[in-house]
Each structure stands twice: as C-alpha cells, then as structure tokens.
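The primary structure of each chain is shown beneath.
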Amino acid sequence: MPEGHILHRLARLHQRRFAGAPVAVSSPQGRFETGAAAVDGRPLLRAEAWGKHLFHRYAHGPIVHVHLGIYGHFTEFDLADGGLPEPVGQVRMRMVGTGYGTDLRGPAACDVVDAAQVADVIARLGPDPLRSEADPGLAFKRIVKSRRTIAALLMDQSVIAGVGNVYRSEVLFRHRIDPYRPGTQIDEAAFAAIWTDLVALMKVGLRRGSIVVVRPEDDHGAPAYAPGKPRTYVYRRAGEPCRRCGVAVRTAQLEGRNVFWCPTCQA
C-alpha cells in the first residue's frame, strides 16, 4: 500500500499538471461514471493530500476523493506523445488536461464528496507528518493512553496519518524501540524523536519519490530486499543479518500485518 509521501507527490504532480484549467474527467471502466460527469469540464482548483487520502477540489464545490488502497495507482501520459491513448485495463477515472492526462486503476475508493464529507474524513485521521500544521501532541496523547503496541499504533491512521509498514518498521529500528512496547511505555522524549524522524524521512520520500532510511554509516553493501525496492534496515529482511549487529532480523504477524525488527538492537 502506498505510504503518505506518495499521495503528497501525486497531489503536487496533479496540481502542476491540471490545476487552473478545465479538466475532462471520464470513467472508461464505468464504475465512476456518475462522479466523473459531476466534475467533467470544471476547472481543478486544488489537489491536496491528507495521510493516504487524495482530494481534487473542483470549481463550484464538488471534490473527488481517492484512496489508493493496496492496488490503486495513477499512470500519466503526455498528450504530445501521440495524443489521447486508448484506455488499457480497468481505468476507474481518466483525467485529461491541456498537456497531460492520467488514468487511475484499482483504487479502494474513488467518489465525489462535499466539503462536510471531506471534513469527516480528516477528523478521523491523526496528524500528518507532511503537513506543516500537524500537531504531534495529538498523536502522543493517543499513544501514551494505549496499551496497544507502538508498532500497531504507528500504523493506526487515527493516530498518525500516512505512516505505512515500511516507515513504522524502519523508524522503530532507527530509535532502537521494541515494536511490542506498549504505548503507555513511550515517553514524550522518545515520541518526539520518532515524530521528528518521520517528518524528515517522509520529506525525503516526498522530494525523491523513494524511501531512504539507511544511514550512510550503516550501509555496508547489503542489497535491497528486492530489485527496485528501497534499502532498509529490517523491513522485508527477515532472516538476513542486521546492518548494525549482524543478528538475524525477525518478523511476526501483528494485528494482521507483518512487523520486522532486530531482537538485539531493539531489545
């Protein structure tokens, strides 16, 4: 599932490509036909992201809400490269502007909402490390009152918006925190360090379009867990030697998702 920096990159891209001019919106697949008709031909005012949610705000009120889920993705095309291509596969939503277009496939959600519904979505989310107005104190209050594990809490979008499995596993390793430590045992200083690191790491991801979490002094040539994937300390490296201590990285199921950690560095 794409993590929050990907949605913020998409919001910035769509703002550059489409904002300020009418956008032709359609649904080749047909599942978003009514929603597409509601915004087709309207100028896009703003594209923005909150956590893992993307919002396209159109003139005169309607807002398209997209949640990519596990399989959703956008594919961009340049109209200068041969004009408007035929849709390939199950395209839920197609946007066409003056110079570019993009096709959305496989999202968990793609619907037209109003401002009140957007406010309801945002109200259910915790602070987003990539939004300048985010208040980390709200997340800490929820964490310190909970006996759930810190690994589960970091993935809870009502606690912190936008953090996924890679960032949660990696930031806990970087701060030598056992993923099974309950929230009640996370002090304010430890959380402040986690939050500050998440902000920095996710800003790098936003800028570069890829997750960068391994410090240069710990990068001793061990490859990424798969071709084209990020180099990580523990994520998807179960059984491989820890980049710091050499002990085998462990993994387990935690609230339905795999968590990864080093039993020595995160004792």
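The rules behind these values
Residues numbered from 1 in each chain as written. Predicted model: local features only at pLDDT ≥ 70, side-chain atom pairs only at ≥ 80, totals over all residues. Heavy atoms only, no water. Helix = DSSP H or I, 4+ residues; strand = E, 2+ residues; numbered from the N terminus. Rg over C-alpha atoms; globule rule 2.2 N^0.38 Å. Buried < 20%, exposed > 50% of the residue type's maximum accessible area, 1.4 Å probe, protein only. Contact = heavy atoms within 4.5 Å. Areas by Shrake-Rupley, 256 points an atom, 1.4 Å probe, with all protein chains shown as cover. Lys, Arg positive; Asp, Glu negative; His and termini not counted. Charge placed at Lys NZ, Arg CZ, Asp CG, Glu CD. Pairing = 2+ DSSP bridges. Axes fitted to C-alpha atoms, helices over the stretch in contact; angles between N-to-C directions. Domains from an automatic or database assignment. Buried area = accessible area lost by both parts, 1.4 Å probe. Salt bridge = Lys/Arg side-chain N within 4 Å of Asp/Glu carboxyl O. Polar contact = N/O pair within 3.5 Å; in protein donor to acceptor, adjacent residues only side chain to side chain. Expected span 1.5 Å × (residues − 1).

A.B. asks: Which residues make up the overall build of the protein chain, and what values do they have?
C.D. replies: Looking only at helices and strands, one finds seven helices and ten strands in the protein chain. Relative to a compact globule of 267 residues, whose C-alpha radius of gyration would be 18 Å, the protein chain shows 20 Å and is just as compact. Residues classed as buried in the protein chain amount to 49% of the 267 residues present. Pairs at least 24 apart in sequence give 60% of the contacts found in the protein chain among residues at least 6 apart. Carbon and sulfur atoms provide 51% of the accessible area of the protein chain, an area that totals close to 12400 Å². Looking at the protein chain, you have 35 positive and 26 negative side-chain charges, and the mean spots of the two groups are 4 Å apart.

A.B. asks: If you had to explain the sheet that holds strand S5 (residues 73-78) to someone new, which residues and values would you point to?
C.D. replies: With respect to topology, four strands assemble into an open sheet ordered S1-S6-S7-S5, the strand pairing being antiparallel. Of all strands in the sheet, those with a lone pairing partner are strand S1 (24-26) and S5, marking the two edges. Averaged over all neighbouring strand pairs, the angle between strand axes comes to 15°, with direction disregarded. Here S5 pairs with strand S7 (residues 100-105) via six bridges, running antiparallel. Paired with glutamate 76 across the bridge in S7 is threonine 102. In the packing of helix H1 (residues 4-18) onto the sheet, contacts are made with S5, strand S6 (91-96) and S7, and the angle to S7 comes to roughly 140°.

A.B. asks: For the domain arrangement of the protein chain, give the residues involved together with the corresponding values.
C.D. replies: Along its sequence, the protein chain is carved into domain 1 (4-124) and domain 2 (136-261). Between the C-alpha centres of domain 1 and domain 2 there is a distance of 30 Å. Contacts between domain 1 and domain 2 engage eight residues on the former and 14 residues on the latter. In total, about 820 Å² of surface goes out of reach between domain 1 and domain 2, with carbon and sulfur atoms giving 61% of it. On the domain 1 side of the contact with domain 2, His5, Arg9 and Lys52 bury the most area, a combined 59% of that side's loss. In this assembly, domain 1 and domain 2 are joined by zero salt bridges. For the pair domain 1 and domain 2, the number of links is three residue pairs in polar contact (both at pLDDT 80 or more).

A.B. asks: Tell me what's going on with H1, and back it up with residues and numbers.
C.D. replies: In a regular helix each residue adds 1.5 Å, so 15 residues correspond to 21 Å; H1 covers 21 Å between its end C-alpha atoms and thus fits that length. The set of residues buried in H1 consists of Gly4, His5, Leu7, His8, Leu10, Ala11, His14 and Phe18. After H1 finishes, the residue glycine 20 shows a positive phi value of roughly 90°.

A.B. asks: If you had to explain the pattern of salt bridges to someone new, which residues and values would you point to?
C.D. replies: For the structure shown, the criterion picks out 13 salt bridges. The partner of arginine 243 in a salt bridge is aspartate 219, with the nearest N and O atoms 3.6 Å apart. Pair noted here: arginine 243 is in the loop between helix H7 (188-208) and strand S9 (250-254) and aspartate 219 is in the loop between H7 and S9, with a separation of 24 residues, a long-range link. If you follow the salt bridges from partner to partner, you end up with Arg46, Glu48, Arg57, Arg131 and Glu133 in one network.

A.B. asks: Summarise the pairing of strand S10 (residues 257-261); cite the residues concerned and give the values.
C.D. replies: As defined by bridge partners, S9 adjoins S10 across five bridges and the pair is classed as antiparallel. Across the sheet, the residue bridging to glutamine 253 is asparagine 258, located in S10. Hairpin geometry of S9 and S10 is characterised by an intervening segment of two residues between the two adjacent antiparallel strands and by a positive phi of about 50° at glutamate 255.

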